[in-house]
Amino acid sequence: MSDDFTEKKARAAAWFRQLRDQIVAAFEGLEESHVEGPFADAAPGRFEVSETSRASDDGSDAGGGLMSVMRGGRVFEKVGVNVSEVYGTLGEAAQKAMAARGVPGMEHDPRFWASGISLVAHMQNPHCPAVHMNTRMFWTPGAWWFGGGSDLNPCIEYAEDTAHFHDQQKAHLAPHGEDLYARLKDWADEYFYIPHRHRARGVGGIFMDDRNTGDWEADFALTQDIGRAFLPAFLPLTERRRVQPFTDADKDTQLVHRGLYAEYNLVYDRGTKFGLATGHDANAVLMSLPPLAKWH
């Protein structure tokens, strides 16, 4: 591929940043509007924003990002919304991993560029579902692709909440092909499965990786709509559940369920492994972990 994708990289990185700004504003709005129910007498949470950076082995600039984390809010116990744009040369292990996935030419030109947004929210009220969303673009001289999705992780499941979350994703994916939602839903069910627990992490959502149909504009448009689906899928659930009273047993259920989340992200999650392997800020990579969890 002779095209270095400079303009396309800039557009993708700008979109991920724009989506980050929308989500951060919406989440701080949830904190402001929570005036009744559990935790309503606390101060509204605010995001702490910090820049992250990484360096190549020779000390040269290798990109970075923006880490935005809110802790101890009225609605969110911990939520992170990170964006990153990183680049450089893949190490030998990462080159082999890419080659194993079918990426051509890595042994001759191991340069890479990647940008994306990653979000994980752990909630104060056990009736509010935890949620994850990530979309990204990856480029090498021999290939490019998009990936990501979002999935819902309630510890106390409500069928109507699950249905709403999936319905919004289905509606946003509909313009991209009538069978696409079903395929990405099945992919999420497979990807967010915890083999050693013989169960799913949550109630699913949508997921894709290695998305390259040969039409960059179409694949970018799909990636944008996966991002656009997130707020209308998630916000109404939080607004509905944040006022519900809960018991100590409910909180215990939440903490045990968070253990599943921690196990998955540390053992199986591809993004966590890539971030740590390529030297990105460890705090940003592990932002997804819950503030408290419990194992029986």
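Located above this text is the structure these notes cover.
Bear in mind the structure is a predicted one, so any value in this text is a computation, not a measurement.

About the thresholds
Residues numbered from 1 in each chain as written. Predicted model: local features only at pLDDT ≥ 70, side-chain atom pairs only at ≥ 80, totals over all residues. Heavy atoms only, no water. Helix = DSSP H or I, 4+ residues; strand = E, 2+ residues; numbered from the N terminus. Rg over C-alpha atoms; globule rule 2.2 N^0.38 Å. Buried < 20%, exposed > 50% of the residue type's maximum accessible area, 1.4 Å probe, protein only. Contact = heavy atoms within 4.5 Å. Areas by Shrake-Rupley, 256 points an atom, 1.4 Å probe, with all protein chains shown as cover. Lys, Arg positive; Asp, Glu negative; His and termini not counted. Charge placed at Lys NZ, Arg CZ, Asp CG, Glu CD. Pairing = 2+ DSSP bridges. Phe/Tyr/Trp six-rings, centres within 6.5 Å; stacked < 30°, edge-to-face > 60°. Core = buried A, V, L, I, M, F, W, Y, C linked by side-chain atoms within 4.5 Å.

Caption draft 1: Local environment of the overall build of the protein. In terms of regular secondary structure, the protein is built from nine helices and nine strands. Expected size for 296 residues packed as a compact globule is a radius of gyration near 19 Å; at 19 Å, the protein falls within 12% of this value. Taking the principal axes of its C-alpha atoms as reference, the protein extends roughly 60 × 45 × 35 Å. Looking at the protein as a whole, 54% of its 296 residues qualify as buried. When contacts within the protein are restricted to residue pairs at least 6 apart in sequence, long-range pairs at least 24 apart make up 69% of them. Accessible area of the protein: about 13000 Å², with a carbon and sulfur share of 52%. When the 30 basic and 42 acidic side-chain charges of the protein are each reduced to a single mean position, those positions are 2 Å apart.

Caption draft 2: Region of interest: the pairing of strand 3 (residues 76-89). Sheet analysis places strand 2 (residues 61-71) next to strand 3, joined by nine bridges and oriented antiparallel. When the bridges of strand 3 are listed, L66 appears paired with V83. Two successive antiparallel strands, strand 2 and strand 3, enclose a turn made up of four residues, where G72 displays a positive phi of approximately 65°. In this sheet, strand 4 (residues 111-123) lies alongside strand 3 in antiparallel orientation, the contact comprising 13 bridges. Its bridge partner lying in strand 4, K78 is registered against H122.

Caption draft 3: Molecular detail of the packing of aromatic side chains. By the definition in use, this model includes 19 aromatic pairs. A ring pair is formed by F138 and W145, whose centres lie 4.8 Å apart and whose planes are at 10°; its orientation type is stacked. Both residues of the pair, F138 and W145, count as buried. The interplanar angle of 5° and the centroid separation of 4.0 Å between the aromatic rings of Y191 and F207 together place this pair among those described as stacked. Of this pair, Y191 sits in helix 4 (residues 180-191) while F207 sits in strand 9 (residues 204-211), placing them 16 residues apart in sequence. Comparing Y191 with F207, the two get one shared label, buried. Ring pairs connect the aromatic residues W187, Y191, F192, F207, Y264 and Y268, which therefore count as one cluster.

Caption draft 4: Representation of the nonpolar core. Counting residues in each nonpolar core, the largest one holds 50 residues, and the members touching the most others are I23, F27, F76, M137 and F230. At ten residues, helix 1 (residues 6-33) tops the list of elements feeding residues into this core. With residues near it in sequence (within four places) discarded, F230 still touches I23, F27, L119, V131, M133 and S150. Counting residues in each nonpolar core, the second largest holds eleven residues, with V86, L90, V103 and A114 among its members.

Caption draft 5: View of unusual backbone geometry. One non-glycine residue, F39, lies in the positive phi region at around 70°. Among the secondary structure elements, F39 is positioned in the loop between helix 1 and strand 1 (48-55). Its relative accessible area of 29% is what places F39 among the partly exposed residues. In this structure, D210 is a non-glycine residue whose phi angle is positive, near 55°. Mapping D210 onto the fold places it in strand 9. Under the relative-accessibility criterion, D210 is labelled partly exposed at 38%.

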